[in-house]
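# Close look at the chain arrangement
Letter by letter, the chains look like this.
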Amino acid sequence: SVDKVNAAIDEVVKFLGDKYRLMAQNPQKLSTALLKRQKLYKDAESKDTKGTYWFSEYDLKDFTILKSDATGKSILATLMHLGRFHVRISLAPR
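Conventions used here
Residues numbered from 1 in each chain as written. Predicted model: local features only at pLDDT ≥ 70, side-chain atom pairs only at ≥ 80, totals over all residues. Heavy atoms only, no water. Helix = DSSP H or I, 4+ residues; strand = E, 2+ residues; numbered from the N terminus. Buried < 20%, exposed > 50% of the residue type's maximum accessible area, 1.4 Å probe, protein only. Contact = heavy atoms within 4.5 Å. Areas by Shrake-Rupley, 256 points an atom, 1.4 Å probe, with all protein chains shown as cover. Lys, Arg positive; Asp, Glu negative; His and termini not counted. Charge placed at Lys NZ, Arg CZ, Asp CG, Glu CD. Expected span 1.5 Å × (residues − 1). Arc of directions from axis to C-beta. Core = buried A, V, L, I, M, F, W, Y, C linked by side-chain atoms within 4.5 Å. Salt bridge = Lys/Arg side-chain N within 4 Å of Asp/Glu carboxyl O. Polar contact = N/O pair within 3.5 Å; in protein donor to acceptor, adjacent residues only side chain to side chain.

Moving on to the overall build of the chain. Looking only at helices and strands, the chain features three helices and zero strands. For the chain, the sequential pattern of α-helices and β-strands runs α-α-α. C-alpha extents for the chain along the principal axes are approximately 45 × 25 × 20 Å. Of all 94 residues assigned to the chain, the portion counted as buried reaches 30%. Counting only contacts in the chain whose residues sit at least 6 apart along the sequence, the fraction spanning at least 24 positions is 57%. About 6,900 Å² of surface is accessible on the chain, with carbon and sulfur atoms providing 57% of the total. Averaged over its 17 positive side-chain charges, the chain has a centre that lies 5 Å from the centre of its 11 negative ones.

Over its 13 residues, helix α2 (residues 32–44) extends 18 Å from the first C-alpha to the last, a length consistent with the 18 Å expected when each residue adds 1.5 Å. Those residues of α2 that fall on the buried side of the exposure criterion are Q38, Y41 and A44. Looking down the long axis of α2, one finds its buried residues gathered within 135° of arc, a one-sided arrangement. The exposed residues of α2 that point more than 90 degrees off its buried face are T32, K36 and K39. In this structure, the buried residues of α2 make contact with α1 (2–24).

Now for the nonpolar core. Counting residues in hydrophobic clusters, the biggest one holds 20 residues, and the most contacted among them are V12, F63, L66 and L79. Sorting the residues of this core by element identifies α1, α2 and α3 (70–81) as the ones contributing at least two each. In terms of residue count, the dominant contributor to this core is α1 (nine residues). Apart from residues no more than four positions distant in its own chain, L79 is found in contact with V5, I9, R84 and F85.

The next subject is the side chain of E11. The residue E11 is located in helix α1 in this model. Buried charge without a partner: E11 forms no salt bridge, and the closest opposite charge is K67, 7.7 Å away. A distance of 2.4 Å separates a polar atom in the side chain of E11 from the backbone nitrogen of T64. Once residues lying within four places of it in the same chain are set aside, the contact partners of E11 are F63, T64, I65 and L66.

Set out below in structure tokens:
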């Protein structure tokens, strides 16, 4: 439904805001867990993702609405069809 799609968009926007806020922080002021997550995000960046907002399949585990189930995949397919998301396949090491 439209409500689920809008909720998924809100969830992605919140996630990306939190992610890029974390990536912009000084590593010396972060806890060990946050530092590990920041390093994971920075290591996953590639030349294809520089300058864009992105999330990976690994990040979907943190979402409550967008999951790797049939509903989540349908929502992602709808958003890709509408041009809200684009798929980029990267072979960057994890």
